[in-house]
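Structural characterization, general
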Amino acid sequence: MTAETVDPSNLGGRPGDDIAIRRKIADTKGDTMDSFKSLKDHVYQYISERINDGSLLPETKINEKMVVDDMNISRTPVREALIQLATEGYLQSIPR
């Protein structure tokens, strides 16, 4: 499956809006079905792919602003994805 970049302004929203992006995915039978993926899910995938490919090494701090700038989205979905990754044990949340 290939990754897509979607400009929220083309979907009736403003850049940075937390909107669900509709895409087609193939199911196990080879047919396609509609699926919705939130910006939080995109960020989750973005960070988890970097963990899996070795771009983010253990003990590396993740800069929220860097992710916001790289993905051109608001901070809320980034924070939500970081919270989910920490809850699942992939990241450690260290309070200030």
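If you're wondering where the values come from, they're calculated on a predicted model, not measured in any experiment.

With that out of the way, let us pick up the side chain of Ser48. Looking at the element boundaries, Ser48 is found in helix H1 (residues 39-52). There is a polar contact of 3.1 Å between the side chain of Ser48 and the backbone oxygen of Gln45.

Counting 13 residues, the largest nonpolar core has Val43, Ile47, Val67, Ile73 and Val78 as the members making the most contacts within it. Listing elements by their share of this core, those giving two or more residues are H1, helix H2 (64-71) and helix H3 (75-87). Tallying contributions element by element places H1 first for this core, with 5 residues.

The next thing to look at is the packing of H2 against H3. Look at H2 against H3: their axes get within 9 Å of each other, and the N-to-C directions meet at 125°. Taken together, the axis directions place H2 and H3 in an arrangement best described as oblique. Remark: the crossing between H2 and H3 carries right-handed chirality. On the side of H2, the interface is formed by Glu64, Val67 and Val68, while H3 contributes Arg75, Val78 and Arg79. Here the contact of H2 with H3 is composed, by residue class, of 3 nonpolar, no polar and 3 charged.

Along the chain, Glu64 turns up in helix H2. Taking relative accessible area as the criterion, Glu64 reaches 18% and is therefore assigned buried. Excluding anything up to four places from it in sequence, Glu64 contacts Arg75, Val78 and Arg79.

Taken over all residues, the pLDDT of the protein has a mean of 74, while the share at 70 or more is 64%. At the level of individual helices and strands, the protein shows its lowest average pLDDT in strand E1 (residues 21-26), which scores 40, and its highest in H3, which scores 94. Taken as a whole, residues 1-14 scores under 50 in pLDDT and shows 13 contacts with residues more than four places along the chain or in a different chain. Contacts of residues 16-34 to residues separated by more than four positions or lying in other chains number 42 contacts, the stretch itself having pLDDT below 50.

What counts and how
Residues numbered from 1 in each chain as written. Predicted model: local features only at pLDDT ≥ 70, side-chain atom pairs only at ≥ 80, totals over all residues. Heavy atoms only, no water. Helix = DSSP H or I, 4+ residues; strand = E, 2+ residues; numbered from the N terminus. Polar contact = N/O pair within 3.5 Å; in protein donor to acceptor, adjacent residues only side chain to side chain. Core = buried A, V, L, I, M, F, W, Y, C linked by side-chain atoms within 4.5 Å. Buried < 20%, exposed > 50% of the residue type's maximum accessible area, 1.4 Å probe, protein only. Axes fitted to C-alpha atoms, helices over the stretch in contact; angles between N-to-C directions. Parallel < 35°, antiparallel > 145°, perpendicular 65-115°, else oblique. Left-handed = near helix turned anticlockwise from the far one by under 90°. Contact = heavy atoms within 4.5 Å. Nonpolar A, V, L, I, M, F, W, Y, C, P; charged D, E, K, R; others polar. pLDDT = per-residue confidence, 0-100.

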